[in-house]
Every structure is written in structure tokens, then in C-alpha cells.
Amino acid sequence: MYDAIIIGGGPAGLSAALNFGRGLKTALVIDAGEPRNRVTEESHGYLTQDGVSPAEFRKAAEKDALSYDGVSLERDWATNIEKTNEYFTVTTKKKQYTSRQVLLAAGIREHSPKIKNFEQFYGTSVFYCPWCDGYELRNRRLAVMVDENFINHMPMLISNWSSELLICMNGTGEISNENKELFEKKGFKYEESVITELNGADGEVKSITFEDGTTENIEGMIAMMEWDTHFDFLEGLDIKRGEKGEIETDQFGATSVPGLFTAGETKTNFTGQLINAAANGADVAKFMIMQLVQKDY
Ligand SMILES: Cc1cc2nc3c(=O)[nH]c(=O)nc-3n(C[C@H](O)[C@H](O)[C@H](O)COP(=O)(O)OP(=O)(O)OC[C@H]3O[C@@H](n4cnc5c(N)ncnc54)[C@H](O)[C@@H]3O)c2cc1C
């Protein structure tokens, strides 16, 4: 019986594990080893680790967390979680484990747009987060893929890194006359129709093609992605979710199921950065440990 099972060995899960070790509690990290950022070569914006490769970052984080006696890691997929009385049973592809608490630090499920060749460029010249990769894309001719919810925000934000923008709705809606006027004044191009294809070589996108066959040259892209936390392995738990399908938690990551917590992007239901996930994993772990200590006192 572990004090905690942590599903996910990203910055949130490993930072939590390190704190469990330092809090003299036992923690098992179950990690599939398929983080979202594996598609990219460099991670930016983490103080002391700027430019580190995701794989190197993970290796160092695992070394830190696993240096504590009570902490272990299994490279495996969690397939089900059940709560019986006071304890959790976590089933994986290979085994079954029990624990007093469970921390969901499995990140978010990411859904790419259905554009031919998108995956060839995602993580090298096509990104979604300007805070992570805007600097590397600075002053390039960029396509900015948005929908009606982000049309007023994203072009404005990305204009900080480049003034040569092609705003693309990808068939999700129309651009208002007001926005068309604004984009023209700024010298931005815009296109409402569906994007069918990206082309280029060696991870560098060179052009974008629309439904009507029109092609525009580009040197990078900021694309809106879709995310959720509807992991199959959560189906055995009755977790309260909010209007947008997000797992409801309090500020300490506690869900509606006593003993079940979330950290990192599973908690925010939105993408952030490594540094946010690591900081949050530490905070949530300390709260979880405090609950255990209080119970046993
Ligand atoms: C293309 C791209 C570029 C990025 N660039 C940057 C950057 O430059 N700087 C930056 O700070 N951030 C960047 N990010 C964001 C960063 O990767 C995330 O903010 C961060 O990894 C979130 O950490 P997390 O611990 O919440 O989740 P993750 O790092 O996603 O970790 C979740 C882990 O859970 C595992 N998991 C999922 N389901 C299961 C299961 N059923 N069983 C077992 N394990 C499971 C996954 O395999 C994964 O290892 C980038 C992301 C992408 C996609």
C-alpha cells in the first residue's frame, strides 16, 4: 500500500513525487512516458533550464525524485482507478496497486486540427504557445489559426513577435468587418476558409494551402489546439466536472472524490508551462501530505 500513487511523470507528477520523498511518504509514479512536449526539441522559459530538451529535463527530474527512498516509478499505462472504502486501487496494463491517495498529473489530452501534414511541423515550426516558442518565431511570416473566441485576442498577442501575420479561421466562422478593417490597417492578411494542407521540409513549414487551392508562403504558425481531461482511466470514478468538462478542484487540487487530487495541466484543464506544472505539483503534494499527517496524528 503506497501513501500516494501519482499518475503521470511530467513536471507536475515528478515535482509532487520529490516532495512526497522529502515528506517521508511513499509514492509510486506511474508514467506512460508519452508527454505532449515530446514533439519538440527545446523547452523555453524555465529559469536555470532555458532551452533544455524535454527528454533531458525529464531525466534530471526523475533522478531528483527517485533519489528518495520512498519514491519509485513504473513505466506503464494506468487503465482504471477505483475507490473502495478508504483506499484506491489503480490498475495498469501490467499490474494493480493500492494507495491511500491518488494524484492525477497526467497532463491534458491534445487534439490536433485535421490538416494534412500538421504533425510533420508541430513542435518544430508550428506551435500553439507564444510564451513557449514566440521568441524563436520572432519576425517570421506567421499563420495564426484562431476561431471566433480567440479572434480578438490571438492576433493582437502574436503581433508582439511578428508584424507579418496571416489570420486563418480554418472554416470555423467569419471575420467581422471591424476585425477585417483592423487587420488591413495593421497590414495583416486574413483567410476564413478551411486549411487543407501544410508543406515544407525538415520540420520547417513553408506554405499553407486552403480549400479553394490558394497557397500562401509562411515561415511558421501558431495554431489553436483542443484539450480535455476525459481520460479513459477515470471512467471508474464519479468525479464532479464543471461546465467545460474540467475536473472541479479546490485551490489545493482536491477533487470531489476524497483523497483524489489533480496537479499541473490536469488541474488547470488548459496548457501552461513546465515551470507552472512543477510549482503546482509541489504545492498540491504538500497539501496531500499534510492531510495524511493530520489523519495519522
Ligand atoms: C509543442 C509543445 C511545445 C512546448 N514548449 C514548451 C516550452 O518551450 N516551455 C514550457 O515551459 N512548456 C512547453 N510546453 C508545455 C509543457 O510541455 C507543459 O506545460 C508541461 O509538460 C505540463 O506538465 P504536466 O506535468 O502537467 O503534464 P505532462 O508533461 O504532459 O505529463 C503528463 C504525463 O502523464 C503521462 N500519462 C498520461 N496518461 C497516462 C496514463 N493513463 N498512465 C500513465 N501515464 C500517463 C504522459 O505520458 C506524461 O508523461 C510545450 C508543449 C508542447 C506540446
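None of these values were measured; they are calculated from a predicted model.

1. Here we look at the site of the ligand
Near the ligand there are 37 residues, and of these D31, H44, A78, E265 and L274 occur at the shortest range. Note that an oxygen atom of the ligand is positioned 3.0 Å from one of the side-chain N or O atoms of R58. The contact in question runs from a nitrogen atom of the ligand to an N or O atom on the backbone of A78, over 2.9 Å. Protein chains shield 97% of the accessible area of the ligand, which is 990 Å² for the free molecule. Those elements that place two or more of their residues in the shell around the ligand are α1 (11-22), β2 (27-31), α4 (130-133) and α8 (274-296). For the shell around the ligand, the class distribution of residues is 17 nonpolar, 12 polar and 8 charged. There are two domains that each give the shell around the ligand at least three residues, and those are domain 1 (2-110 + 226-296) and domain 2 (113-223).

2. Here we look at the packing of aromatic side chains
The final tally for this structure, using the stated rule, is 11 aromatic pairs. With 5.2 Å between their ring centres and 70° between their planes, Y128 and W227 make a pair best called edge-to-face. Here W227 lies in strand β16 (residues 226-228) and Y128 lies in the loop between β8 (126-127) and α4, a separation of 99 residues in the sequence. The two residues Y128 and W227 agree in class, both being buried.

The rules we used
- Residue numbering note: each chain is counted from 1, following its sequence as written.
- Totals for whole chains, interfaces and linings use every residue, but because this is a predicted model, local features are given only for residues with pLDDT of at least 70 and side-chain atom pairs only at 80 or more, for both listing and counting.
- Water and hydrogen atoms were dropped before computing side-chain values, which therefore reflect all heavy atoms in the structure.
- Any residue with a heavy atom lying within 4 Å of a molecule or strand is counted as near it.
- Polar contacts here mean pairs of N or O atoms no more than 3.5 Å apart (in protein, one a potential hydrogen donor and the other a potential acceptor; neighbouring residues in sequence count only if both atoms are side-chain atoms).
- Residue burial considers only the protein chains on display, and all accessible areas are found by Shrake-Rupley using a 1.4 Å probe.
- Secondary structure counts use DSSP, requiring at least four H or I residues in a row for a helix and at least two E residues in a row for a strand, with both numbered from the N terminus.
- For this classification, the nonpolar set comprises Ala, Val, Leu, Ile, Met, Phe, Trp, Tyr, Cys and Pro, the charged set comprises Asp, Glu, Lys and Arg, and every other residue, Gly included, is treated as polar.
- Residue ranges labeled as domains rest on an automatic or database domain assignment.
- Under the pairing criterion, centres of Phe, Tyr and Trp rings, with the six-membered ring standing for Trp, must be within 6.5 Å; the plane angle then separates stacked pairs below 30 degrees from edge-to-face pairs above 60, leaving the rest tilted.
- For every residue, the accessible area obtained with a 1.4 Å probe (protein chains only) is divided by the maximum for its type, and the residue is called buried under 20%, exposed over 50%, and partly exposed between those limits.

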